[in-house]
Amino acid sequence: MAVVDQLSKEKSSPNSSDGSKRKWNPDRDVKPWSGGYFRYDLIKEFVTALAGVAILVVALAVLFSSPDKTPVTLQSWSRSDPVGFAQTAITELDGTSATAHYGPPYNTTPNAGQTLGPVSLARIAGARIPVNTAESFVIQPLETLSDQPSLATALKRFASATSSEQANWENSYESAVSKATWNSGALSVPQGSYGPVATMVSSLTNMARSGALDGALLRSHQFYDTNYTKPLLFLNDGSYMANVAGSEHLQGTQWGMMNETGSFPGQSWLWLYTMWYQIPPFSHSGNADALVWATMAILTLAFILVPFIPGVRSIPRRIKLYKLIWRDHYRS
Amino acid sequence: MTTKEAKPTWTGSVRDALVRALPPEHLLPDDQPSYVSSWIYVFGVLTVSALAIVILSGTLLALEGPAWWHTSKVGLFINSTHLWSVELFFLFMVVHLWGKFAMAAWRGGRAKTWVTGAVSFAVSVGAAFTGYLSQQNFDSQWIAVQAKDGLNSVGIGAYFNVMNFGQMFMWHIVLLPAVVGILVGLHILLVRHKGVVPPFEEDVRSGRG
């Protein structure tokens, strides 16, 4: 690695002195390098690094593979916990589920949508992905079961009832289904005045157990569909999916999204984003998501603009870690 | 008929500008300033190497489609190389980033180099995130339903629907890799254009250090 001093001037890095008469700032400006050079093969460095990283990647892949936990479905949920499924189904029908009153972008529930001070960006964006849980999650899927006369009658009766009648049936059923049991392959709910609602929820539970509901919620105008918004929202309204996530240390209180099933490192680079959810005031705020996103937006912008922020750009010079990096240079 | 007085063509002007900005000895130098003597410098090229393997393994996965790796042992292995190259990519990039911060590598007109690197990091987080959403397993389901609340809270979720597999998959394999590729390419060209930032001058003068 011979030093090639004669190249020094020619190869000097452009300095700060951009021609302006600004005052010298050591955190912004540099003097042109007038020292020596040594031979260095960048292509060889890249090829060596590429080979080394490739070997390391293959070794990690062979040793640890990658996680692939089977997804949950409405079928697996309703087979594992039919009563829990029915309890969620009635909340989709009566509009009390988390999705039903989520607000934008799924519906226009008054005052729903998080705010940043007086501004709600969610409400400004609006309900661009409309979801009517009663229609989309319950009634329309049931209407596809055309070979069940009793269900057809129940749907007709429900549709022709007044809102008040529907609400009375739904409220009665929602109270009763909390005491429901699953006996001999059927949902058993205490006797009551549920009108057609009992038939509808029972049919939906059976439909889910058969696997047909998973497909019905993907129904679109096309043959192909790749949008899983509806089945995921339905799944997320129940506790089954959250319980599975909890057993895999994926709950929000367990640093949620940055983790991955099993013992894999996951998205560890999201640690700062996830951290805010663990500490006050974010952890107690009803606007936690919007506050965390606003905080991260400011921090990301600051990170990008570090070279222009007085004080922040002085940190490297003050902490002097560079002396370790350039120790050979300073020693010589 | 071409004469010496002819107006320069657009092509000629662009070529001349590129050659002025990046003469071959700057684009592919075979020597470096003597202060370039630390292991920290290796993490830049390690990051690029890991990115190359991310792209290669992702391309191999794309050949057979998104569901292949769930049913094929070869597919699972390729997916594993994709996962671990991403993990290494971020590890190397973060060390590279902290190293460059410690060197105040934006000095001497290198702010654009820092900015393109920082934006590359931010976009890479998005690219990896959409990859996790495209796995078609429980992780992608759970990450989607968790992430939707943050995105919805600031109105982004209305346009960027993390539960729409088709949308996320296209972002992951087309849009974000293209942006990362362009940014990283630009970042490397800026590094070559400006060279590696010299040490803090005050220490050289005073002999401290």
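Residues numbered from 1 in each chain as written. Chains lettered and ligands numbered in written order. Predicted model: local features only at pLDDT ≥ 70, side-chain atom pairs only at ≥ 80, totals over all residues. Heavy atoms only, no water.

A. Broad picture of the overall build of chain B. For chain B, the helix and strand inventory stands at 9 helices and 1 strand. Order of helices (α) and strands (β) in chain B, N terminus to C terminus: α-α-β-α-α-α-α-α-α-α. Computed over its C-alpha atoms, the radius of gyration of chain B comes to 22 Å, more than 25% above the 17 Å expected for a compact globule of 209 residues. Counting all 209 residues of chain B, 56% fall into the buried class. Within chain B, counting contacts between residues at least 6 apart in sequence, those at least 24 apart form 73% of the total. Averaged over its 14 positive side-chain charges, chain B has a centre that lies 7 Å from the centre of its 12 negative ones. (Helix = DSSP H or I, 4+ residues; strand = E, 2+ residues; numbered from the N terminus. Rg over C-alpha atoms; globule rule 2.2 N^0.38 Å. Buried < 20%, exposed > 50% of the residue type's maximum accessible area, 1.4 Å probe, protein only. Contact = heavy atoms within 4.5 Å. Lys, Arg positive; Asp, Glu negative; His and termini not counted. Charge placed at Lys NZ, Arg CZ, Asp CG, Glu CD.)

B. Quick look at the interface of chain A and chain B. Tallying the contact residues gives 101 residues for chain A and 101 residues for chain B. The contact between chain A and chain B buries some 9,000 Å² in all, and 68% of this surface belongs to carbon and sulfur atoms. Where chain A meets chain B, there are 1 salt bridge. Taken together, the connections running from chain A to chain B amount to 30 residue pairs in polar contact (both at pLDDT 80 or more). No other element matches helix α2 (residues 42–64) of chain A, which puts 15 residues into the side of chain A that touches chain B. Among the residues making up the side of chain A that touches chain B, the classes are represented as 64 nonpolar, 21 polar and 16 charged. Here strand β1 (residues 37–39) of chain A runs beside strand β1 (residues 31–33) of chain B; their pairing, made up of 3 bridges, is antiparallel. By the bridge assignment for β1 of chain B, R39 of chain A is matched with D31 of chain B. (Buried area = accessible area lost by both parts, 1.4 Å probe. Salt bridge = Lys/Arg side-chain N within 4 Å of Asp/Glu carboxyl O. Polar contact = N/O pair within 3.5 Å; in protein donor to acceptor, adjacent residues only side chain to side chain. Nonpolar A, V, L, I, M, F, W, Y, C, P; charged D, E, K, R; others polar. Pairing = 2+ DSSP bridges.)

C. Main features of the packing of aromatic side chains. A complete count under the given rule lists 29 aromatic pairs over all chains for this structure. The interplanar angle of 85° and the centroid separation of 5.9 Å between the aromatic rings of F38 of chain A and Y40 of chain A together place this pair among those described as edge-to-face. Among the aromatic residues, those joined into a cluster by ring pairs are W269 and F303 of chain A together with F89, F90, W98, F101, W106, W114 and F121 of chain B. A cation sits over an aromatic face here: R107 of chain B above F200 of chain B, 3.9 Å from the ring centre. (Phe/Tyr/Trp six-rings, centres within 6.5 Å; stacked < 30°, edge-to-face > 60°. Lys NZ or Arg CZ within 6 Å of the ring centre and 35° of its normal.)

D. Spotlight on helix α12 (residues 240–247) of chain A. Of the positions making up α12 of chain A, those classed as buried are Y240, M241, V244 and A245 of chain A. Buried residues of α12 of chain A, seen end-on, are gathered within an arc of 140° and therefore sit on one face of the element. Exposed residues pointing more than 90 degrees away from the buried face of α12 of chain A are listed as N243 and S247 of chain A. For α12 of chain A, the secondary structure elements touched by its buried residues are α3 (74–80) and α11 (229–237) of chain A together with α7 (138–153) of chain B. Phi turns positive one or two residues past the end of α12 of chain A, at H249 of chain A, with a value near 50°. (Arc of directions from axis to C-beta.)

E. Up close: the nonpolar core. F234 and W326 of chain A are the most contacted members of the largest nonpolar core, which has 121 residues in total. If you tally residues by element for this core, the top one is helix α5 (residues 73–102) of chain B, at 11 residues. Setting aside chain neighbours within four positions, we find W326 of chain A in contact with Y35, Y41, M103, R107, V197, P198, P199 and F200 of chain B. W276, F282, V292 and M296 of chain A belong to the second largest nonpolar core, which has 5 residues in total. (Core = buried A, V, L, I, M, F, W, Y, C linked by side-chain atoms within 4.5 Å.)

F. Inspection of the domain arrangement of chain B at higher detail. All names here are of chain B. Assigned domains of chain B: these are domain 1 (39–89) and domain 2 (104–194). The distance between the C-alpha centroids of domain 1 and domain 2 comes to 16 Å. Contact residues are listed per partner, giving 11 residues for domain 1 and 12 residues for domain 2. Summing both partners gives a buried area of about 760 Å² for domain 1 against domain 2, and 68% of it is carried by carbon and sulfur. At the boundary of domain 1 and domain 2, one finds 0 salt bridges. On inspection of domain 1 and its partner domain 2, the count reaches 3 residue pairs in polar contact (both at pLDDT 80 or more). (Domains from an automatic or database assignment.)

G. Up close: the domain arrangement of chain A. All names here are of chain A. Domain boundaries assigned for chain A yield domain 1 (2–65), domain 2 (74–241) and domain 3 (267–332). In this assembly, 5 residues from domain 1 lie in contact with 4 residues from domain 3. In total, about 390 Å² of surface goes out of reach between domain 1 and domain 3, with carbon and sulfur atoms giving 44% of it. Summed over the three residues of domain 1 that lose the most area to domain 3, namely P26, D27 and W33, the buried surface amounts to 80% of that side. Linking domain 1 to domain 3 there are 1 salt bridge. For the pair domain 1 and domain 3, the number of links is 2 residue pairs in polar contact (both at pLDDT 80 or more). Partitioning the side of domain 1 that touches domain 3 into residue classes produces 2 nonpolar, 1 polar and 2 charged.

H. Focus on the environment of T153 of chain A. Residues and elements named next belong to chain A. On the secondary structure map, T153 appears in helix α7 (residues 149–160). Each C-alpha atom of the pair T153 and R327 lies 84 Å from the other, and the pair is 174 residues apart in sequence. A distance of 2.9 Å separates the side chain of T153 from the backbone oxygen of P149, its partner in a polar contact.

I. Up close: the environment of E45 of chain A. Assignment of secondary structure puts E45 of chain A in helix α2. In the structure, E45 of chain A is positioned 18 residues away from L63 of chain A in sequence and 27 Å away in space, judged by C-alpha atoms. Not counting residues within four places of it along the chain, the set of residues in contact with E45 of chain A comprises Y40 of chain A together with V45 of chain B.

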